[in-house]
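Below are the chains, spelled out letter by letter.
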Amino acid sequence: MSMLSRRPERVFINDVAVRDGFQSEPRFVPTEDKIRLIDRLSGTGVAKIEVTSFVSPKAIPNLRDAEEVMRGIARNPGVVYVALVPNVRGCERALACDADEINLVMSIGESHNLANMRMSCEQSLSQFRQVMSLVRGSRTRVNGTIATAFGCPFDGDQPVDRVLWAAENYLNMGMQSITLADTTGMAQPVQVAQLCRQFREMFPTIPLTLHFHNTRGMGLANALAALDAGVVSFDASLGGIGGCPFAPGATGNICTEDLVHMIESCGVPTGVDLDRLLDAARELPGLLGHDVPGQVLRAGKRTDLHQRPIAA
Ligand code: COA
Ligand code: ZN
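Residues numbered from 1 in each chain as written. Chains lettered and ligands numbered in written order. Predicted model: local features only at pLDDT ≥ 70, side-chain atom pairs only at ≥ 80, totals over all residues. Heavy atoms only, no water.

## Considerations on the layout of surface pockets
Space left empty within the atom packing is revealed by a probe, the size of a water molecule, rolled over the atoms.
For step 1, the next point in the chain: Here the largest pocket defines a volume of roughly 630 Å³.
For step 2, the next point in the chain: Lining the largest pocket are 36 residues, with V55, L84, P86, N116 and M117 sitting closest to its centre. (1 Å grid on protein atoms, 1.4 Å probe; cavity = no way out; pocket = protein on both sides within 12 Å on 5 of 7 lines; lining within 4 Å. Points joined across faces, edges and corners; volume = space filled by probe spheres on them.)

## Details of the pattern of salt bridges
For step 1, the next point in the chain: By the definition in use, this model includes 17 salt bridges.
For step 2, the next point in the chain: Note that E283 and R40 form a salt bridge whose closest N and O atoms lie 2.3 Å from each other. Linking E283 in the loop between helix 11 (274–281) and helix 12 (284–288) with R40 in helix 2 (residues 31–41), this pair joins segments that are 243 residues apart in sequence.
For step 3, the next point in the chain: The closest approach of N and O atoms between E67 and R93, which form a salt bridge, is 2.8 Å. Of the two residues, E67 is situated in helix 3 (residues 66–72) and R93 in helix 4 (residues 88–96); the sequence distance between them amounts to 26 residues.
For step 4, the next point in the chain: The exposure class assigned to R93 is buried, which follows from its relative accessible area of 16%.
For step 5, the next point in the chain: Connected through shared salt-bridge partners, D33, R36, R40 and E283 make up one network. (Salt bridge = Lys/Arg side-chain N within 4 Å of Asp/Glu carboxyl O. Helix = DSSP H or I, 4+ residues; strand = E, 2+ residues; numbered from the N terminus. Buried < 20%, exposed > 50% of the residue type's maximum accessible area, 1.4 Å probe, protein only.)

## Some remarks on the packing of helix 7 (residues 160–173) against helix 8 (residues 189–202)
For step 1, the next point in the chain: Close contact between helix 7 and helix 8 brings their axes to 11 Å; oriented N to C, the two are set at 40°. As far as their axial angle goes, helix 8 and helix 7 are oblique. Considering the relative orientation of helix 7 and helix 8, their crossing is right-handed. Along the contact surface, helix 7 presents V160, V163, L164, A167 and E168, while helix 8 presents L195, Q198, F199 and M202.
For step 2, the next point in the chain: When grouped by side-chain class, the residues that make up the contact of helix 7 with helix 8 number seven nonpolar, one polar and one charged. (Axes fitted to C-alpha atoms, helices over the stretch in contact; angles between N-to-C directions. Parallel < 35°, antiparallel > 145°, perpendicular 65-115°, else oblique. Left-handed = near helix turned anticlockwise from the far one by under 90°. Contact = heavy atoms within 4.5 Å. Nonpolar A, V, L, I, M, F, W, Y, C, P; charged D, E, K, R; others polar.)

## Observations concerning the coordination of the zinc ion (ligand 2)
For step 1, the next point in the chain: In the first shell of the zinc ion (ligand 2), the protein supplies D20 (OD), H211 (NE2) and H213 (NE2), at 2.0 to 2.2 Å from the metal.
For step 2, the next point in the chain: When the donor residues of the zinc ion (ligand 2) are listed from N- to C-terminus, their spacing reads D-x190-H-x1-H. Placement of the pair is D20 in helix 1 (residues 17–21) and H211 in strand 7 (residues 208–211), with a sequence separation of 191 residues. (Donors = N, O, S within 2.8 Å, 3.2 Å for Na, K, Ca; no water.)

## As for the site of ligand 1
For step 1, the next point in the chain: Near ligand 1 lie 17 residues; those nearest to it are S56, K58, N87, R93 and N116.
For step 2, the next point in the chain: Contact distances for ligand 1 include 3.0 Å between an oxygen atom and a side-chain N or O atom of R89.
For step 3, the next point in the chain: A distance of 3.2 Å separates a nitrogen atom of ligand 1 from a polar backbone atom of G90.
For step 4, the next point in the chain: In isolation ligand 1 offers 930 Å² of accessible surface; the protein chains occlude 68% of this area. (Near = heavy atom within 4 Å. Polar contact = N/O pair within 3.5 Å; in protein donor to acceptor, adjacent residues only side chain to side chain. Areas by Shrake-Rupley, 256 points an atom, 1.4 Å probe, with all protein chains shown as cover.)

## Concerning the packing of aromatic side chains
For step 1, the next point in the chain: All chains considered together, the criterion is met by three aromatic pairs.
For step 2, the next point in the chain: Geometrically, the ring pair formed by F128 and Y170 is edge-to-face, given 5.8 Å between the ring centres and 65° between the ring planes. Note that F128 is positioned in helix 6 (residues 121–135) and Y170 in helix 7, a separation of 42 residues in sequence. Note on accessibility: F128 and Y170 belong to one class, buried.
For step 3, the next point in the chain: Aromatic side chains F199 and F203 sit 4.9 Å apart centroid to centroid with 55° between the ring planes, which places their arrangement in the tilted category.
For step 4, the next point in the chain: Judged by relative accessible area, which is 9%, F203 ranks as buried.
For step 5, the next point in the chain: If you follow R64 out to its NZ or CZ, it ends over the ring of F28, 4.0 Å from the centre. (Phe/Tyr/Trp six-rings, centres within 6.5 Å; stacked < 30°, edge-to-face > 60°. Lys NZ or Arg CZ within 6 Å of the ring centre and 35° of its normal.)

## What about the sheet that holds strand 3 (residues 80–85)?
For step 1, the next point in the chain: Pairing in this closed barrel of eight strands is parallel, and the strands run 1-2-3-4-5-6-7-8 around the ring. If you compare each strand with its neighbour and ignore which way they point, the axes differ by 25° on average.
For step 2, the next point in the chain: For strand 2 (residues 48–53) and strand 3, the ladder comprises five bridges, and the chain directions are parallel. Paired with E50 across the bridge in strand 3 is V82.
For step 3, the next point in the chain: Against the sheet, helix 4 touches strand 3 and strand 4 (101–107), its axis set at about 155° to strand 3.
For step 4, the next point in the chain: Here helix 7 sits on the sheet in contact with strand 4, strand 5 (141–147) and strand 6 (177–181), set at roughly 165° to strand 5. (Pairing = 2+ DSSP bridges.)

## With respect to empty space enclosed by the protein
For step 1, the next point in the chain: Per the counting criterion, the structure on display carries one cavity of 30 Å³ or more.
For step 2, the next point in the chain: Computed from the structure, the largest cavity encloses a volume of approximately 90 Å³.
For step 3, the next point in the chain: Going through the elements one at a time, strand 2 and strand 4 are the ones with two or more residues in the lining of the largest cavity.
For step 4, the next point in the chain: When its residues are assigned to classes, the lining of the largest cavity shows two nonpolar, five polar and four charged.

## Brief notes about helix 7
For step 1, the next point in the chain: A rise of 1.5 Å per residue sets the reference length of helix 7, with its 14 residues, at 20 Å; its end C-alpha atoms lie 20 Å apart and thus fit the reference within 8%.
For step 2, the next point in the chain: All buried positions along helix 7 are accounted for by V163, L164, A166, A167, N169, Y170, L171 and M173.
For step 3, the next point in the chain: On the buried face of helix 7, the contacting elements are strand 4, helix 6, strand 5, strand 6 and helix 8.
For step 4, the next point in the chain: Note on helix 7: the residue one or two positions beyond its end, G174, has a positive phi of about 110°. (Expected span 1.5 Å × (residues − 1).)

Right, here's the structure in full:
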């Protein structure tokens, strides 16, 4: 690792808390609270917000209000509003709500894709081909997520060639950007650096985002490894909430405010106002009824100085 010998000009932050986070919460977050939080996030400087999923309400009951949320938010023209889509039906719903971006998701671990999407990879790819022809001519852009890219909890490590095969399939269909997702927190930093470099060599002009979970405490180390390998776009969730409901022992995404705090501390701008972000994160425990994993929220920023203790 060269430890940021070439500092990027800027990093782009995509907040996924209201999608990846809320999908697995034990209680339904009321629609108006979701809308209020998204509107608040829209003013923090994040580049994208993953607003919701157009999936089966039986699979993810917490996001059964996807249409109301998409239509209820106040859109900031500087933010890209994304919706997760698994199939043609989801695409039709996302287009009807004028999503800026559709995020198509397939796990390259066959077993995880079957558990999560109830489809084989071939079936997912066939849905995606149809989605791409539906989207053609609209203003909606499409990102393709390669989930379980760093390992499947059922099938184990995935060969790099399989990740690149999925990316090639996505790009041949016309998807404009790719996300490599560590859906169940199996990635480690050396693996991340290698995969990011191989991806960049093979697809040098394709925008690439990394999506990490902090399941085993390696989340920010993985993000730093990706950053060092030239990645400048990251998914993260406010408060560090989140987790795939179809992954044993799943835990939250890397925490947006902790990620922004780390990256900005290293001297790289993110465009995010950390204080506003922390104010938004402070709302989460009340909204969810439990504490959230974010650490800067608890400890304060490294520049927040305290009164010196009085000598005894
Ligand atoms: N939106 C809403 N409803 C949908 C839908 C969509 N995108 N796709 C399918 N459905 C409905 C069907 O109409 C059908 O409804 P019915 O039972 O009332 O007739 C039901 O869901 C089952 O449809 P089917 O096509 O047989 O799908 P399935 O049962 O094989 O499930 C998915 C496939 C993809 C819809 C489902 O597995 C899913 O929504 N998964 C999402 C999981 C997820 O979001 N995980 C976390 C994020 S990575
Ligand atoms: Zn995730």
